[in-house]
Amino acid sequence: MVRVGPLAVLGALLLSGCSNFLPAAGPTASAVTEGADVATDQGLLARYEIIDVDPAVVEAMRGRPLDSLLASFGDRRPSIAPVIGIGDAVTVTIWEAGSGGLFSGPVIADRFSAGSKSSTIPEQIVGRDGAITVPYAGRVHVAGKRVQDVQAQIEQELAGKAIQPQVLLTVTSPLSSSVTVLGEAAAAGGGARLSAAALRGPVSSIGGGRVPLTERGDRLLDVIASAGGVSAPVNETFVRLSRGQTTATVPLLSVVSNPRENIYLRPGDTVTLVRDPQTFLAVGALGAQSEIPFNADGITLAQALTKARGLSDFQADPAGVFLFRFEPASVVRRLRPNSPLLGSPQVPVVYRINMRDANSLFVAQAFRMRNRDLVYVSNAPFTEVQKVLGVFSTVTAPVAAGASIYSVTR
């Protein structure tokens, strides 16, 4: 029978790759590096790009394309004079120059005063045919026309029937020239422009409603303010604007900080205010492993590591700090012009930073985090050796204890 010594057992454990089967928080730094390419029958297949973070990378990231309302929709100011549309509610008031006409009261006998010289037609909705009904004028087509043009048209239709008629048309509910606001809008605190009576429908208690546009034209922030403002924190709110077949989503902070993004809205636009707290995932050899909110208008990698309570002193590999992110192909093309992954619009990228290098502390303060980034810190190599030693001590402890009992009983 051949006896195997403890050192031989330990060596066998290490050589056999026992550490691959031990509990771990994630891959080692070398495993992340080597896993960028995987061997196949056709050769190496690239799975993700590994990019070392340095000042050049930080500078290139500043040009990362962001969604823009201005680029998606332009800033063309709508017509100064809005037109009447199907579904609008209107009222028509008609004055006559004298009493006893079609729309004025009769002359009061034995008195020098006369009755009312005006009459208001009850409110009506512009029909699907684009017309309204005016007594003695019939169906008058108003859709697509300015208010003053419709007034002149009605006066012309009543000429010879009424006594020098004068017409005043009022659009009481301009649904066709309104914008729909949904989501995190504090409608309960909205102004009169969003009142239920004016817009022919109740205002939702969870936010949202129709906001009519004014003749001067309204920008995005004007409409949001008319809807009562935003109920969620500004740094957690995104604006999603839909116009026709085009939709773009930008952070509300981008609109607030950049006046060019505060574009003019058009009738029929839909504005959805979406609350999306900015967070990142912290995993691996960190003080805190969880989903951590930014709680600010963007943070840097250095701030993210601080929020995760830093690297674990007895576990982390300072040279194995990684950030996993999907980047637009346009960004990766600047960093890796020959990357085989550029065929996809979104490229998986692993940014690597060596915290043993003092200069990396400056770089980490300039590298901006993105929503849903994953920060991973690998275990130090010695940590894996400690795990193997722990397994070895667990295996050999009963043997050592038996030997001690045997020596005492002799």
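For the structure, check the block above.
Small disclaimer: the values here were computed from a predicted structure and weren't measured.

On to the side chain of Q278. Looking at the secondary structure, you find Q278 in the loop between β13 (270-275) and β14 (279-284). One polar contact links the side chain of Q278 to the main-chain carbonyl oxygen of D276, over a distance of 2.9 Å. Ignoring anything within four residues of it in the chain, the contact list for Q278 reads N235, F238, I292, P293, F294 and N371.

Taken in spatial order, the 3 strands of this open sheet run β5-β4-β8, and their pairing is antiparallel. Since the sheet does not close on itself, it has two edges, and those belong to β5 (118-125) and β8 (166-173), each with one partner. The average angle at which neighbouring strand axes cross in this sheet is 15 degrees, direction not considered. Here 6 bridges tie strand β4 (residues 89-95) to β5, and the two strands are oriented antiparallel to one another. The residue of β5 that forms the bridge with I94 is S119.

Taken as a whole and judged by the stated rule, the model has 1 cavity of 30 Å³ or more. Estimated volume of the largest cavity: approximately 30 Å³. Forming the boundary of the largest cavity are V53, L301, V321, F322, L323, Y351, R352 and I353. Among the secondary structure elements, those contributing two or more residues to the lining of the largest cavity are β16 (316-328) and β17 (346-353).

Right, let's talk about the sheet that holds strand β11 (residues 237-243) for a bit. Taking strand neighbours across the sheet as the criterion, the 5 strands line up as β10-β9-β13-β11-β12 in an open arrangement whose pairing is mixed. Unpaired on one side and paired on the other, β10 (209-212) and β12 (246-251) mark the two borders of the sheet. Averaged over all pairs of adjacent strands, the angle between strand axes in this sheet comes to 25 degrees, irrespective of strand direction. Here 6 bridges tie β11 to β12, and the two strands are oriented antiparallel to one another. The residue bridging V239 from the neighbouring strand is V250, located in β12.

Moving on, we come to the layout of surface pockets. Gaps left between atoms show up when a probe the size of a water molecule is rolled over them. Looking at the second largest pocket, its volume works out to about 250 Å³. For the second largest pocket, the lining is made up of 15 residues, of which P82, V147, V171, P174 and E215 are closest to its centre. Classifying every residue of the lining of the second largest pocket by side-chain character gives 9 nonpolar, 3 polar and 3 charged.

Another point: the nonpolar core. Formed by 38 residues in total, the largest nonpolar core has its most connected members in F280, L301, L335, Y351, F367, M369 and V375. Only α3 (55-61), β14, α9 (301-307), β16, α10 (329-335), β17, α11 (359-366) and β18 (373-379) provide two or more residues apiece to this core. In contact with F280, other than residues within four places in its own chain, are S290, E291, I292, F294, I299, A304, K307, M369, D373 and V375. V211, V239, L265 and L273 belong to the second-largest nonpolar core, a separate cluster that totals 21 residues.

So, about the environment of S254. Looking at the secondary structure, you find S254 in helix α8 (residues 252-257). On the accessibility criterion, S254 (26% relative accessible area) is partly exposed. S254 sits 16 residues away from F238 along the chain, and the two C-alpha atoms are 9.1 Å apart.

Once that is clear, we can look at unusual backbone geometry. In this model, N295 sits at a positive phi of 55 degrees, which is unusual for a non-glycine residue. Even without a glycine there, the phi angle at R309 is positive, about 65 degrees. Turning to its location among the elements, R309 is positioned in the loop between α9 and β16.

Scanning all chains against the criterion turns up 13 salt bridges. Residues R275 and E236 are paired through a salt bridge, measuring 2.9 Å at the closest nitrogen-oxygen approach. Here the residue R275 occupies a position in strand β13, and E236 occupies one in the loop between α7 (220-226) and β11, the gap between them amounting to 39 residues. Take R275: its relative accessible area is 45%, and that puts it in the partly exposed class. Close ionic contact of E327 with R325 constitutes a salt bridge, the shortest N to O distance being 2.9 Å. The network of salt bridges with common partners includes R325, E327 and D373.

For α11, the complete set of buried residues consists of S360, V363 and A364. Down the axis of α11, the sector holding all buried residues measures 100 degrees, keeping them to one side. Opposite the buried face of α11, at more than 90 degrees from it, the exposed residues are F362 and Q365. Residues of α11 that are buried sit in contact with α3, α9 and β17.

Thresholds applied
Residues numbered from 1 in each chain as written. Predicted model: local features only at pLDDT ≥ 70, side-chain atom pairs only at ≥ 80, totals over all residues. Heavy atoms only, no water. Helix = DSSP H or I, 4+ residues; strand = E, 2+ residues; numbered from the N terminus. Polar contact = N/O pair within 3.5 Å; in protein donor to acceptor, adjacent residues only side chain to side chain. Contact = heavy atoms within 4.5 Å. Pairing = 2+ DSSP bridges. Axes fitted to C-alpha atoms, helices over the stretch in contact; angles between N-to-C directions. 1 Å grid on protein atoms, 1.4 Å probe; cavity = no way out; pocket = protein on both sides within 12 Å on 5 of 7 lines; lining within 4 Å. Points joined across faces, edges and corners; volume = space filled by probe spheres on them. Nonpolar A, V, L, I, M, F, W, Y, C, P; charged D, E, K, R; others polar. Core = buried A, V, L, I, M, F, W, Y, C linked by side-chain atoms within 4.5 Å. Buried < 20%, exposed > 50% of the residue type's maximum accessible area, 1.4 Å probe, protein only. Salt bridge = Lys/Arg side-chain N within 4 Å of Asp/Glu carboxyl O. Arc of directions from axis to C-beta.

All we've got here are geometric facts, nothing functional implied.
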